[in-house]
Structure formats: structure tokens, C-alpha cells
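Summary of structural features
The lines below spell out each chain.
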Amino acid sequence: MAASGEITVRPMTKIEVGIAIDWAEREGWNPGLSDGDCYYAVDPQAFFAVLHDGRLIGSFSVMVYRDGFAFGGFYILDPEYRGRGIGLAIQEQADRLAAPYNFGIDGVFEMQDRYAAHGFIFSHRNIRYEGLGGGTRPPGLTDARGVPFDAIVRYDARHFPAERPGFLRHWLAQPGATALAVLEDGEVRGYGQVRPCRRGAKIGPLFADTPEIAERIYSGLSAAVPGQPLFLDVPEPNAAGVALAERHGMVPVFGTARMYTKEIPDLPLDRCYGVTSFETG
């Protein structure tokens with residue numbers, strides 16, 4: 001992509017992905033401490049640098065999963081370069097790269113109309129809640145890293161538009177994270193993870209068959225980060241998820257519009273209590 005012979009796009013280096021993570025913090029997205037290393041290990045070709053005369057001024061990502069699904073994130077442009085049409089050119093480049101896939105994004109509310117003009121279909125809102133970690137870990141929880149990995153992958157795929165074993169292998173192995181699951185008769189009935197972030201800790205994902213199981217997993221994850229700011233990104237249509245956040249004294253602090261290019265996946269949002277990541281789905 002080029003504009004006036006000055007703007008170019010190429011794959012990011014690992015160091016540049018770290019810079020994009022820093023930009024995400026500056027934008028208020030509060031990324032996880034190990035998110036950059038995890039994402040780059042999953043797919044080093046997913047991240048793109050936007051340069052002006054060789055200077056890094058922006059970023060975006062297209063993470064390709066299985067089953068014809070991809071997810072976009074890190075759509076960031078240096079404030080100095082905003083309002084010049086460069087952002088539109090970046091969006092068009094991302095659209096071309098993602099054209100073969102059903103392409104999902106979590107866009108900030110103020111950009112929703114612009115994404116709709118590019119063909120994105122609105123699915124629902126995700127609301128970020130903030131609270132405080134603590135409490136006592138309830139009984140009946142299992143370390144998810146000790147559960148057969150294939151079982152976690154299968155359960156996760158019921159709540160996400162595609163199987164993502166490569167992603168989960170790195171995501172669940174993040175240093176400092178706690179991953180918990182509920183098993184009944186040897187079957188996974190729910191799982192979630194909390195990871196350290198630039199500020200506090202963030203739960204994601206949190207998938208559960210029932211509100212009671214979601215409550216148990218949430219309480220276990222909260223107990224793993226006592227006294228820390230704790231964040232949970234809840235799909236707004238999940239009334240039980242909203243009630244869980246409010247019951248624990250969490251308050252809404254941010255939100256996104258989940259949108260797709262081809263179709264809205266048929267997902268059980270009533271069992272999705274926490275989004276994995278606004279950057280990767």
C-alpha cells in the first residue's frame with residue numbers, strides 16, 4: 001500500500017509488535033504483559049507495520065484461524081498522522097488481506113459507523129468491567145493446564161468461531177497466568193484464565209455451561225489476583241454475565257462493538273461470560 005509515495009506497509013518484526021503493544025496501552029486498552037510474545041509466537045505474519053518514509057507510524061493485525069475465520073486488531077495510527085486519510089488506506093489494506101475470511105473485529109463505539117460503511121455487520125457490544133481481585137478459591141476447580149489439551153480445544157471451539165489449538169497452546173502457557181476449569185464426569189463444563197496486564201489483571205476467556213459454573217470459575221480466578229484491579233469483558237447480550245460482574249461490584253469502564261464481514265457466527269453468547277481478547281477475539 002502506498003500514498004503519495006510515502007506510506008508503506010510490511011510485516012512487523014517482533015520488536016515492532018512490542019511497540020504496538022505499548023501503543024495499545026497508550027490508547028487505554030491495557031494489554032497483557034505477555035500478549036505480544038504470545039501473539040507473535042502464534043502467527044508472526046499476522047502483524048503489519050505502517051511506515052512513513054521508513055518511520056513506524058501505525059499498526060494493524062489479521063490473525064487467521066481455522067474454518068475460514070480471521071480476527072483483526074491493533075488498528076492504531078500515530079495521532080500526528082490522523083485525519084489525513086491514512087487510516088482509511090490502512091483499513092482498505094486490512095480488508096484486502098482478510099477478504100477470503102469471515103473477518104471479525106472489536107471496534108470502539110465511535111468507529112462503528114465507519115466499519116459498517118466498510119461492510120462490517122454488527123453483532124453485539126462487549127462491555128469491559130473493572131473490579132478488585134480477591135476472595136477465596138471455591139472447591140471443585142481444576143488447573144486447566146492439567147486437563148487434556150484436546151478437551152479444552154473442543155470446548156473452546158463451541159464458544160469461538162473456529163478451533164484455535166495453536167493460539168490456546170501459547171495463550172494458556174503465559175507466565176503468571178492462572179487457568180481454571182470445571183469438570184463433571186470427565187467432561188469440561190467451563191474454563192477461564194486470568195493474566196497479568198499493564199494494570200492489574202484481566203480474565204479472558206470465561207466460558208461456562210451455567211451461571212453457577214461461571215461464578216465458581218470467576219471466584220477462583222479473582223482469588224488468584226488479590227488486591228489487584230480486575231477486568232472482565234462481558235458480551236452484553238449475556239444477562240447472567242452482566243449480573244455476575246455487577247454482583248462482584250464491577251463497573252463498566254470501556255466497550256467495543258463486535259462486528260463481522262460475512263456473517264454473524266452462531267455462538268452461544270449466554271455461555272460466553274468473558275471475551276478472550278479484544279485484539280484476537
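A quick note: this is a predicted structure, and the numbers were derived from the prediction, not measured.

Under the present numbering, the feature "domain: N-acetyltransferase" (unreviewed entry) in UniProt falls on residues 7-148. As annotated, residues 7-148 comprises 28% helix and 36% strand, and the C-alpha atoms at either end are separated by 47 Å.

This part is about the pairing of strand 4 (residues 69-77). Within strand 4, 8 of the 9 residues are buried, which leaves it mostly tucked inside the rest of the structure. As judged from the 6 bridges shared by strand 3 (residues 55-64) and strand 4, these two strands associate in the antiparallel manner. Counterpart to Ser 59 in the pairing with strand 4 is Ile 76. Here strand 4 pairs with strand 5 (residues 102-108) via 4 bridges, running parallel. Directly across from Ala 70, in strand 5, lies its bridge partner Phe 103. Since strand 4 and strand 5 lie parallel, the crossover through helix 3 (residues 86-98) that links them has a hand, and here it is right-handed.

The omega torsion across Gly 204 and Pro 205 is 0 degrees, close enough to zero to call that bond cis. Summarising the element assignment, Pro 205 is placed in strand 10 (residues 201-208). Positive phi, close to 55 degrees, is recorded for Asn 30, a residue that is not glycine. Mapped onto the fold, Asn 30 is located in the loop between helix 1 (14-26) and helix 2 (35-42). Judged by its relative accessible area of 10%, Asn 30 is buried. Positive phi, normally seen in glycine, also occurs at Asp 53, with a value near 50 degrees. Its place among the elements puts Asp 53 in the loop between strand 2 (47-52) and strand 3.

Counting 40 residues, the largest nonpolar core has Tyr 39, Tyr 65, Phe 74, Ile 152 and Tyr 191 as the members making the most contacts within it. Sorting elements by how many residues they give to this core places helix 1 first, with 5 residues. Those residues in contact with Phe 74 that lie beyond four places of it in its chain are Ala 20, Ile 21, Ala 24, Trp 29, Tyr 39, Phe 47, Ser 59, Phe 60, Ser 61 and Glu 279. Counting 24 residues, the second largest nonpolar core, distinct from the first, contains Ile 127, Leu 180, Leu 232 and Met 250.

Taken together, the buried positions of helix 5 (residues 149-157) are occupied by Ala 151, Ile 152, Val 153, Tyr 155 and Asp 156. The secondary structure elements touched by the buried residues of helix 5 are helix 6 (165-171), strand 9 (187-196) and strand 10.

Now for the packing of helix 1 against helix 2. Interhelical geometry of helix 1 versus helix 2 gives an angle of 135 degrees and a closest axis separation of 9 Å. Accordingly, the angle class assigned to the pair helix 1 and helix 2 is oblique. Helix 1 and helix 2 meet at a crossing whose hand is right-handed. Contacts from Lys 14, Val 17 and Ile 21 in helix 1 reach Asp 35, Gly 36, Asp 37 and Tyr 40 in helix 2. Of the residues assigned to the contact of helix 1 with helix 2, the class counts are 3 nonpolar, 1 polar and 3 charged.

So, on to the pattern of salt bridges. Within this structure, the stated rule accounts for 19 salt bridges. Close ionic contact of Arg 10 with Glu 16 constitutes a salt bridge, the shortest N to O distance being 2.7 Å. One salt bridge in this structure joins Arg 198 and Glu 25, with 2.5 Å as the shortest N-O distance. Residue Arg 198 is found in the loop between strand 9 and strand 10, and its partner Glu 25 is found in helix 1; the two are separated by 173 residues along the sequence. Assessed through its relative accessible area of 37%, Glu 25 is described here as partly exposed. Among the ionic contacts, a cluster of salt bridges with common partners joins Asp 22, Glu 25 and Arg 198.

This brings us to the packing of aromatic side chains. For the structure shown, the criterion picks out 18 aromatic pairs. When the centroid spacing of 6.1 Å and the interplanar angle of 10 degrees are considered together, the rings of Tyr 39 and Trp 171 count as stacked. Taken together, the residues Tyr 39 in helix 2 and Trp 171 in helix 6 connect sequence positions 132 residues apart. The class of Trp 171 is buried, set by a relative accessible area of 0%. Within the aromatic cluster, the residues linked to one another by ring pairs are Tyr 39, Phe 47, Tyr 65, Phe 69, Phe 71, Phe 74, Phe 160, Phe 167, Trp 171 and Tyr 260.

For the rest of this paragraph, the subject is helix 2. Along helix 2, the positions that sit buried rather than exposed are Asp 35, Gly 36, Cys 38 and Tyr 39. Angularly, the buried residues of helix 2 cover 165 degrees about the axis, an arc narrow enough to put them on a single face. Elements in contact with the buried residues of helix 2: helix 1, strand 2, strand 3, strand 4, helix 6 and strand 9.

Cut-off values and rules
Residues numbered from 1 in each chain as written. Predicted model: local features only at pLDDT ≥ 70, side-chain atom pairs only at ≥ 80, totals over all residues. Heavy atoms only, no water. UniProt positions renumbered as here; feature names shortened; annotations may be inferred. Helix = DSSP H or I, 4+ residues; strand = E, 2+ residues; numbered from the N terminus. Buried < 20%, exposed > 50% of the residue type's maximum accessible area, 1.4 Å probe, protein only. Pairing = 2+ DSSP bridges. Right-handed = clockwise from strand over helix to strand, strands pointing away. Core = buried A, V, L, I, M, F, W, Y, C linked by side-chain atoms within 4.5 Å. Contact = heavy atoms within 4.5 Å. Axes fitted to C-alpha atoms, helices over the stretch in contact; angles between N-to-C directions. Parallel < 35°, antiparallel > 145°, perpendicular 65-115°, else oblique. Left-handed = near helix turned anticlockwise from the far one by under 90°. Nonpolar A, V, L, I, M, F, W, Y, C, P; charged D, E, K, R; others polar. Salt bridge = Lys/Arg side-chain N within 4 Å of Asp/Glu carboxyl O. Phe/Tyr/Trp six-rings, centres within 6.5 Å; stacked < 30°, edge-to-face > 60°. Arc of directions from axis to C-beta.

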